[in-house]
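So the chains spell out like this:
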Amino acid sequence: PVTIGFREKIPGLKDLGDITFTINWHDDEPTHQTLWDMQQASELGSWQIAFPQFATNNLYDFDAYVTGLPIASPIDGLVQQNVTLTGTGNIEKSTE
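Keep in mind that this is a model prediction, so the values were computed, not measured.

Conventions adopted
Residues numbered from 1 in each chain as written. Predicted model: local features only at pLDDT ≥ 70, side-chain atom pairs only at ≥ 80, totals over all residues. Heavy atoms only, no water. Pairing = 2+ DSSP bridges. Helix = DSSP H or I, 4+ residues; strand = E, 2+ residues; numbered from the N terminus. Polar contact = N/O pair within 3.5 Å; in protein donor to acceptor, adjacent residues only side chain to side chain. Contact = heavy atoms within 4.5 Å. Buried < 20%, exposed > 50% of the residue type's maximum accessible area, 1.4 Å probe, protein only.

Both strand S1 (residues 18-24) and strand S5 (residues 80-94) contribute to a ladder of seven bridges, which runs antiparallel. What sits directly across from Thr-22, in S5, is Asn-82. Relative to S5, strand S3 (residues 59-68) runs antiparallel, the two sharing eight bridges. Note that in S5 the partner of Leu-59 across the bridge is Ser-94.

What follows is the structure, encoded as C-alpha cells:
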C-alpha cells in the first residue's frame, strides 16, 4: 500500500532518558550538598539502583548528570527535593 504524508520511523541511538526520585532534603546532609555541587559543575557521576525484590538482574549501573533539584516546601511537613538524573551511555544489569 502507498502511504502519502506519513513519516516512517527508523530506530536510531538509544537514550537512557531521565531517572527521577524524591529525597527528604536537609541542608546539613553531605550527600545532598554533593548532588548540588554535581549539578552546578555539570559533573558526570556513576550511579547504581538496587531492586531487592528481583532475584536476578537486581542492580542497574549507569552514568548520569544531575539535571534537576527542585525543592518542595510545604507549610507543615518534610522538605522534599525531586532529583532528576539524565543518563548517558549504556546501562549495565547485574545480580547482587
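Here the narrative resumes.
Turning our attention to the pairing of S3. As judged from the seven bridges shared by strand S2 (residues 44-50) and S3, these two strands associate in the antiparallel manner. The residue of S3 that forms the bridge with Gln-48 is Asp-61.

This paragraph deals with the environment of Leu-13. Of note, Leu-13 is situated in the segment before S1. In sequence terms Leu-13 and Asn-82 are 69 residues apart; their C-alpha atoms lie 28 Å from each other.

Right, let's get into the side chain of Gln-81. Residue position: Gln-81 is located in strand S5. Reaching out from Gln-81, the side chain makes a polar contact with the side chain of Trp-25 at a distance of 3.5 Å. Not counting residues within four places of it along the chain, the set of residues in contact with Gln-81 comprises Phe-21, Thr-22, Ile-23, Trp-25, Leu-69, Pro-70 and Ile-71.

This part covers unusual backbone geometry. Only a minority of non-glycine residues have a phi that is not negative, and only a minority of peptide bonds are not trans. Backbone geometry places Ser-42, a non-glycine residue, at a positive phi of 50°. Among the structural elements, Ser-42 can be located in the loop between helix H1 (30-41) and S2. For Asn-57, which is not a glycine, the phi torsion comes out positive at approximately 50°. Asn-57 gets classed as partly exposed once you look at its relative accessible area, which sits at 36%.

Bear in mind that shape data such as this cannot, by itself, settle questions of function.
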